Amino acid sequence: MFQRRCDMKLLCETRVVERPTQTVQSARASKATLVLGYKHSEGGDKELELVHFTPSNKAGMKYKLAGNIETIRTRFVNEGKATISLQVPAYDILIQSDVLTLKSFLQTLRIGLEGGDINLQETVHATPIPAKMQPIERMVISKPSEYPKEGFPETLRFLEIINNGLKTVPITICVLTNLSSLDLRQNSINTLPNALGELQLRALNLSNNEIGENCNWNWLLGSIRKSLINLDLSMNVIKNFPYYLVKLERLVSLRLNDNLMERVPFSIRRLQNLRSLQLNANRLKALPSCVEQMCLQSLDIAGNYFSDRQQITIEYPTEVPPLWVLAGRVILRNQIQYDEPGKLPTVIVDLIKELPICYCGKLIWNAKIYECSGLAYLRAISFLVSNASREYLTDNVICGRRCFGISILNRS
Ligand SMILES: [Zn+2]
């Protein structure tokens, strides 16, 4: 006996246009499921309705169908397109789908509207968008057997691979262009590929790995430089502050605690968006004097090797700096805007942002750094964790005799 095939569910892409104003509800077509079914009224009648599930409306939007259809346009049904226009609300639902399934769905709809028996379920039992159509955005892998056999889904935005014995960042991760947050803590990573820098991550956690002197930091110069906001490099074996870190100008939070660093460079002042810096449990003897010119709100420097202030013998610079540096000094002195892209050569902008700077604001080139010679009071930092008072030893630079006279090096 011939049995009619009834498609009551249509996996498709839809756009909804509000007819009176011709407003499109979303800029792009979104994945959707359209479901036909019956709603049973209290009086025992059943009423045909259409439920429209989208990723942004997983509960589904219900529309009455009987007596409520303005038109059903099927002119382009052979291209997999159709439009259902409702009277109330005055919406046009533009549908794109597989041709055969769409035809079958429209056929079912027509029979239903004509009152034919199409053996539909109640819409309350209708399933919304199947799981495979919902983009996978978050994945946590806590043992190697949980690795996805077909590779990571492109739609991933948050990925955690913790305690998996990773030695580096797998290249299969470095191609996930939608990834925003990557957590690789508690592995054995000791080297980082340049391709990692091509991700546009906002948060990267590399804490508790084996990152140290063998690590190449060129990845910090990729597009990640413009996106990274939170970086956690704590509990590694970093001896030298990775120079390219200062290029991450959007960075707000930087954790470098529990490493082996002895110095922080003057160029850290380039991180003008940095608000939270954790340097605790390192081997620091002093902070660069420019730390007071940063906009830090939270600083942790407990558990370092701060000791006694050094007495110094001043050696005034005699060498004439290169023209780039002189140009940088003029730009700073005259308060010329230098931060607009393309306005000045990058080399000058980098020097202005990264060179050590004297108390008078003059850029210092190739001059002696007086280690542990001054004091910082860190008054502007609202949340300071330290082992001692608010006075901290600083490394300093001095442009000349006059500045030595007014500098904090001269304070007793
Ligand atoms: Zn000076």
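No experiment lies behind these values; they were computed from the predicted model shown.

The rules behind the values
All residue numbers refer to positions counted from 1 along the written sequence of the respective chain. Under the rules for a predicted model, residues below a pLDDT of 70 receive no local features and side-chain atom pairs below 80 are neither given nor counted, while totals for whole chains, interfaces and linings still include all residues. Side-chain measures were taken over the full set of non-hydrogen atoms in the model, leaving aside hydrogen atoms and water. Throughout, the edges of the domains are those of an automatic or database domain assignment. Residue contacts are counted whenever heavy atoms from the two residues lie within 4.5 Å of one another. What counts as buried area is the accessible surface, traced by a 1.4 Å probe, that two parts surrender upon association, with contributions from both included. A side-chain nitrogen of Lys or Arg and a carboxyl oxygen of Asp or Glu constitute a salt bridge if their distance falls within 4 Å. A 3.5 Å cut-off defines polar contacts: any pair of N or O atoms within that distance qualifies, except that in protein one atom must be a possible hydrogen donor and the other a possible acceptor, and neighbouring residues in sequence count only when both atoms are side-chain atoms. Three classes are used, and their members are as follows: Ala, Val, Leu, Ile, Met, Phe, Trp, Tyr, Cys and Pro are nonpolar, Asp, Glu, Lys and Arg are charged, and the others, Gly among them, are polar. Runs of H or I in DSSP of at least four residues are treated as helices and runs of E of at least two as strands, each being numbered from the N terminus. Relative accessibility decides the category of a residue: with a 1.4 Å probe and only protein chains considered, values under 20% of the type maximum give buried, values over 50% give exposed, and everything between is partly exposed. The span expected for a helix works out to 1.5 Å for each residue beyond the first. Two strands form a pair only when DSSP identifies at least two bridges running between them. Each axis is a line fitted through C-alpha atoms, and for a helix only the stretch in contact is used; angles between axes span 0 to 180 degrees, taken between their N-to-C directions. The cut-offs work like this: below 35 degrees is roughly parallel, past 145 is roughly antiparallel, 65 to 115 is roughly perpendicular, and the gaps in between are oblique. Left-handed describes a crossing whose near helix is turned anticlockwise from the far helix through less than a right angle; right-handed describes the clockwise counterpart.

A. Representation of the domain arrangement of the protein within the structure. Taken domain by domain, the protein holds domain 1 (9-132), domain 2 (135-261) and domain 3 (282-412). Measuring from the centre of the C-alpha atoms in domain 2 to the corresponding centre in domain 3 gives 30 Å. Taken together, the contact pairs 10 residues of domain 2 with 6 residues of domain 3. In total, about 610 Å² of surface goes out of reach between domain 2 and domain 3, with carbon and sulfur atoms giving 32% of it. Put simply, domain 2 and domain 3 have 3 salt bridges between them. A salt bridge links Lys 247 to Asp 350; the nearest nitrogen and oxygen atoms lie 3.6 Å apart. Counting across the interface, domain 2 meets domain 3 through 9 residue pairs in polar contact (both at pLDDT 80 or more). Class assignment for the residues of the side of domain 2 that touches domain 3 results in 5 nonpolar, 2 polar and 3 charged.

B. Seen up close, unusual backbone geometry. Look at the link from Val 88 to Pro 89: it is a cis peptide, with omega at -5°. By secondary structure assignment, the location of Pro 89 is in the loop between β7 (81-86) and β8 (91-96). Phi at Asn 208 is positive, roughly 60°, even though this residue is not glycine. Secondary-structure assignment places Asn 208 in the loop between β12 (203-205) and β13 (230-232). Within the chain, Cys 372 stands out as a residue other than glycine whose phi angle is a positive 50°. Relative to the assigned elements, Cys 372 resides in strand β18 (residues 370-376). For Cys 372, a relative accessible area of 7% corresponds to the buried category.

C. Structural context of the pattern of salt bridges. Enumeration over the complete set of coordinates arrives at 17 salt bridges. With a closest N to O distance of 3.6 Å, Arg 73 and Asp 92 form a salt bridge. On the criterion of sequence distance, the pair formed by Arg 73 in strand β6 (residues 69-73) and Asp 92 in strand β8 is long-range, its members being 19 residues apart. Classification of Asp 92 as buried rests on a relative accessible area of 9%. Arg 263 is the partner of Glu 371 in a salt bridge, and the nearest nitrogen-oxygen pair spans 3.2 Å. Here Glu 371 is found in strand β18, whereas its partner Arg 263 is found in the loop between β14 (253-255) and β15 (276-278), with 108 residues between them in sequence. For Arg 263, a relative accessible area of 24% gives the class partly exposed.

D. Focus on helix α1 (residues 99-113). Over its 15 residues, α1 extends 21 Å from the first C-alpha to the last, a length consistent with the 21 Å expected when each residue adds 1.5 Å. In this fold, the buried residues of α1 make contact with β1 (9-18), β3 (30-40), β4 (46-54), β6, β7 and β8. Of the residues trailing α1, Gly 115 is marked for its positive phi of about 85°.

E. Geometry of the environment of Gly 43. Mapped onto the secondary structure, Gly 43 falls in the loop between β3 and β4. A residue is classified by how much of its surface remains accessible, and Gly 43, at 70% relative accessible area, is exposed. Residues Gly 43 and Leu 296, spaced 253 residues apart in sequence, show a C-alpha to C-alpha distance of 68 Å.

F. Local environment of the pairing of strand β5 (residues 57-64). Here β4 runs beside β5; their pairing, made up of 5 bridges, is antiparallel. Of the residues in β5, the one forming a bridge with Thr 54 is Asn 57. Between β4 and the antiparallel strand that follows it, β5, lie 2 residues.

G. Looking closely at the side chain of Asn 209. For Asn 209, the location among the structural elements is in the loop between β12 and β13. Setting aside anything within four residues of it in sequence, one finds Asn 209 in contact with Leu 184, Arg 185, Gln 186, Asn 187, Ser 188, Ile 189, Met 235 and Asn 236.

H. Quick look at the packing of helix α2 (residues 323-333) against helix α3 (residues 346-354). Interhelical geometry of α2 versus α3 gives an angle of 65° and a closest axis separation of 9 Å. Here α3 runs roughly perpendicular to α2, going by the angle between their axes. Every pair of crossing elements has a handedness; the one defined by α2 and α3 is right-handed. Here Trp 324, Val 325, Ala 327, Gly 328, Ile 331 and Leu 332 of α2 lie close against α3, whose contacting residues are Val 347, Ile 348, Leu 351 and Ile 352. By residue class, the composition of the contact of α2 with α3 is 9 nonpolar, 1 polar and no charged.

I. Molecular detail of the sheet that holds strand β16 (residues 287-288). What the 3 strands build is an open sheet, ordered β16-β20-β18; its pairing is mixed. Here the strands that pair on one side only, and so sit at the sheet edges, are β16 and β18. The pairing of β16 with strand β20 (residues 392-396) spans 2 bridges and is classified as parallel. Across the sheet, Pro 288 pairs through a bridge with Asp 395, a residue of β20.

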